[in-house]
Amino acid sequence: MTGRLHVSGAKNSALKLMAASLLAPGTTRLHNVPQIQDVRTMSEVLEFLGAVIDFQDGTLTIDTTKVESHVAPYDLVQRMRASIQIMGPLLNRFGRARVAMPGGCNLGPRKIDFHLRGLERLGATVRADHGFVEVSAERLRGTSIFLDYPSVGATENLLMAAVTATGTTVIDNAAREPEILDLGKFLISMGARIEGAGTSRIEIHGVDELSPTEHTVMPDRIEAGTYLVAAAVTGGDLEVEGITPHILQMFLAKLRAVGVHVQENGRKIRVWGSPGDYTGTDVATLPYPGFPTDLQAPMMVLLSLAQGSSIVTENVFENRFGFVDELIRLGADIKVAGHHALVNGGRSFTGAIVRCPDLRAGAALVLAGMMGEGVTEVRDIFHIDRGYEGFTEKLRSVGADLERVDAEGEPLDRPLVETPSPS
Ligand code: UD1
């Protein structure tokens, strides 16, 4: 794999900004929005509520003037957990929100108790019935919220709920992911008064109303990390552009520890290396700025190749080793005990049929197939389409040998997710 790839807009930011557009009636414009299934699903959620959406050349225009419903049905929410992020904005705009309990990636029992407890602290009444959660409040009141854990989704939902609460809200032990900073900037441009988004203490001074705005979605650090691993495992030389390296610091440190060459240059990251020279290293996933859980699966592929043993500890989600059995089918030697995995490296992979259990693991299996001898067939790639824009097309453009095929193994002449036009 040799060449250059441009990073798309971040899925995990775009989805929240779309939800936040509900906060103000009128037309919000988001640029650099990735063409991925999750964005389509969130568009369907907003359209169901009454929004009018147009998506052209990476710009998503959302007119929320006619949004009247405060109910998000099961059929939509179960397809994507991030749909619950509409709870805070709807509560804010209509004084109530009724949202089906979420689905999404198969990463263990992903609860929403921090979201609900925080909303209660802000004065909302929370009721659960028939698989729905209903939250209501005449007007939210500023308060202090201490999160048990720096949950990304809870921090975002509570931030979006608190922007028009009366008085001041302080969220302590807030998640510090860069996507929260992006959401903070977006809300500020709508007229919100927020200090400290992207730090562990966020202070929100409630305002009476917000107005629609225009914003460019930040780059997708997980997509960038996935392609950097792809280059490392195939012994390639790849430059990923359009991303500030510091938001991937811990990940890049681990690549270097393995023996991958990493060069940071402005908004570009170049990696190259020889798989025969790589050595194992231990990795523990943690909230930002720790090693991102979303890059744990791709990292396991790299560690399987590196000489020696590595211990990977998953601290963020239960069940995030679900893909290990699939990786073993391709030739990996990994033993899982609880939330630790012992990766015995120095392996070479051979082609086989494998199945994506979730989004990031799906991408990792494709990387494993790319470095393996023979043909690997990765099934259930709808998971990958949820979060990677033009995945196969981007990889092919830098020399990867892979194609999208239908259930009978026939090449699909048109990508399910269109390649973005060059920007
Ligand atoms: C977001 C990202 C996901 C990423 C994760 C951690 C989106 C759409 N998804 O997910 O890609 O892997 O951050 O960086 O942005 N928890 C509770 N109760 C709650 C909320 C969370 O127990 O109310 C637990 C979860 O089960 C999990 C941990 O906290 O074990 C972290 O979850 P959280 O940070 O909320 O992740 P998400 O926002 O769901």
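Residues numbered from 1 in each chain as written. Predicted model: local features only at pLDDT ≥ 70, side-chain atom pairs only at ≥ 80, totals over all residues. Heavy atoms only, no water.

A word on the packing of aromatic side chains. By the definition in use, this model includes four aromatic pairs. With a centroid separation of 5.0 Å and an interplanar angle of 55°, the aromatic rings of Tyr388 and Phe391 are classed as tilted. A residue is classified by how much of its surface remains accessible, and Tyr388, at 0% relative accessible area, is buried. Grouped by ring-pair contacts, the aromatic residues Tyr227, Tyr388 and Phe391 constitute a single cluster. Cation over ring: Arg270 sits above Trp272, and NZ or CZ is 4.0 Å from the ring centre. (Phe/Tyr/Trp six-rings, centres within 6.5 Å; stacked < 30°, edge-to-face > 60°. Buried < 20%, exposed > 50% of the residue type's maximum accessible area, 1.4 Å probe, protein only. Lys NZ or Arg CZ within 6 Å of the ring centre and 35° of its normal.)

What follows deals with the site of the ligand. Residues in close proximity to the ligand total 21 residues, the closest being Lys16, Asp113, Ser151, Asp294 and Val316. For the ligand, an oxygen atom lies 2.8 Å from a polar atom in the backbone of Val152. A distance of 2.8 Å separates an oxygen atom of the ligand from a polar atom in the backbone of Gly153. Protein coverage of the free-state accessible area of the ligand, which is 740 Å², stands at 87%. Taken together, the elements giving at least two residues each to the shell around the ligand come down to α1 (11-20), α5 (113-121) and α6 (152-162). With three residues, α5 is the single largest residue contributor to the shell around the ligand. Here the shell around the ligand spans two domains, since at least three of its residues come from each of domain 1 (9-216) and domain 2 (221-419). (Near = heavy atom within 4 Å. Polar contact = N/O pair within 3.5 Å; in protein donor to acceptor, adjacent residues only side chain to side chain. Areas by Shrake-Rupley, 256 points an atom, 1.4 Å probe, with all protein chains shown as cover. Helix = DSSP H or I, 4+ residues; strand = E, 2+ residues; numbered from the N terminus. Domains from an automatic or database assignment.)

Before going further, it helps to spend a moment on the pairing of strand β2 (residues 27-31). Residues of β2 alternate between two faces, with Thr28 and Leu30 buried on one and Thr27, Arg29 and His31 left unburied on the opposite face. Bridge count between β2 and strand β4 (residues 59-63): four bridges; the pairing is antiparallel. Pairing of Leu30 across the sheet is with Leu60, part of β4. With three bridges joining them, β2 and strand β13 (residues 214-216) adopt parallel strand pairing. Across the sheet, the residue bridging to Leu30 is His215, located in β13. (Pairing = 2+ DSSP bridges.)

Now for the domain arrangement of the protein. The domains assigned to the protein are domain 1 (9-216) and domain 2 (221-419). Distance from the C-alpha centre of domain 1 to the C-alpha centre of domain 2: 30 Å.

Tracing the backbone through its elements, the reader meets Glu393 in helix α14 (residues 391-397). Despite being buried, Glu393 has no salt bridge partner; Arg404 is the closest side chain of opposite charge, sitting 4.4 Å away. In this structure the side chain of Glu393 is engaged in a polar contact, spanning 2.9 Å, whose partner is the side chain of Thr392. (Lys, Arg positive; Asp, Glu negative; His and termini not counted. Salt bridge = Lys/Arg side-chain N within 4 Å of Asp/Glu carboxyl O.)

The next point concerns helix α9 (residues 249-258). Along α9, the positions that sit buried rather than exposed are Phe251, Leu252, Lys254, Leu255 and Val258. The buried residues of α9 all sit within an arc of 155° when viewed along its axis, so they share a single face. Of the surrounding secondary structure, the elements contacted by the buried residues of α9 are α8 (221-233), β15 (261-265), β16 (268-272), β17 (283-284) and α10 (296-305). One or two residues past the end of α9 sits Gly259, with phi positive at roughly 110°. (Arc of directions from axis to C-beta. Contact = heavy atoms within 4.5 Å.)

Let's shift gears to the sheet that holds β4. Spatial strand order, β3-β4-β2-β13: four strands in an open sheet with mixed pairing. Each edge of the open sheet carries a strand with a single partner, namely β3 (52-56) and β13. Averaged over all neighbouring strand pairs, the angle between strand axes comes to 15°, with direction disregarded. Alignment of β3 against β4, held across five bridges, turns out to be antiparallel. Residue pairing for β4: Asp54 is matched across the bridge by Thr61. Contacts between α1 and the sheet are confined to β2, β4 and β13, with β2 contributing the most and set at about 175° to the helix. Running over the sheet, helix α2 (residues 37-49) touches β3 and β4 and is turned about 155° from β3. (Axes fitted to C-alpha atoms, helices over the stretch in contact; angles between N-to-C directions.)

The next thing to look at is the pattern of salt bridges. A full pass over the atoms with the stated rule returns 23 salt bridges. Here Asp172 makes a salt bridge to Arg201, at a shortest N to O gap of 3.1 Å. Residue Asp172 is located in strand β10 (residues 168-172), and its partner Arg201 is located in strand β12 (residues 201-205); the two are separated by 29 residues in the primary sequence. By relative accessible area, which is 44% here, Arg201 ends up partly exposed. The residue Asp380 makes a salt bridge to Arg355 at a minimum N-O spacing of 3.3 Å. Here Arg355 lies in strand β21 (residues 353-355) and Asp380 lies in the loop between β22 (377-379) and α13 (382-387), a separation of 25 residues in the sequence. Overall, the relative accessible area of 30% leaves Asp380 in the partly exposed class. A relative accessible area of 43% places Arg355 in the partly exposed class. In the salt-bridge network here, residues are joined through shared partners; they are Arg98, Arg127, Asp129 and Glu134.

That bond from Tyr288 to Pro289 is cis: its omega, 10°, falls within 30 degrees of zero. Checked against the element boundaries, Pro289 lands in the loop between β17 and α10. Unlike most non-glycine residues, His130 shows phi in positive territory, near 50°. The backbone of Asp380 shows a phi angle near 60°, a positive value even though the residue is not glycine.

Let us look at the pairing of strand β14 (residues 237-241). A regular strand places its side chains on the two faces of the sheet in alternate fashion. Two strands pair when backbone bridges link them, and strand β1 (residues 2-6) and β14 are joined in this way by five bridges, in the parallel orientation. Counterpart to His6 in the pairing with β14 is Glu241. Summarising the sheet, β14 and β16 pair through five bridges and their orientation is antiparallel. Across the sheet, the residue bridging to Glu241 is Lys268, located in β16.

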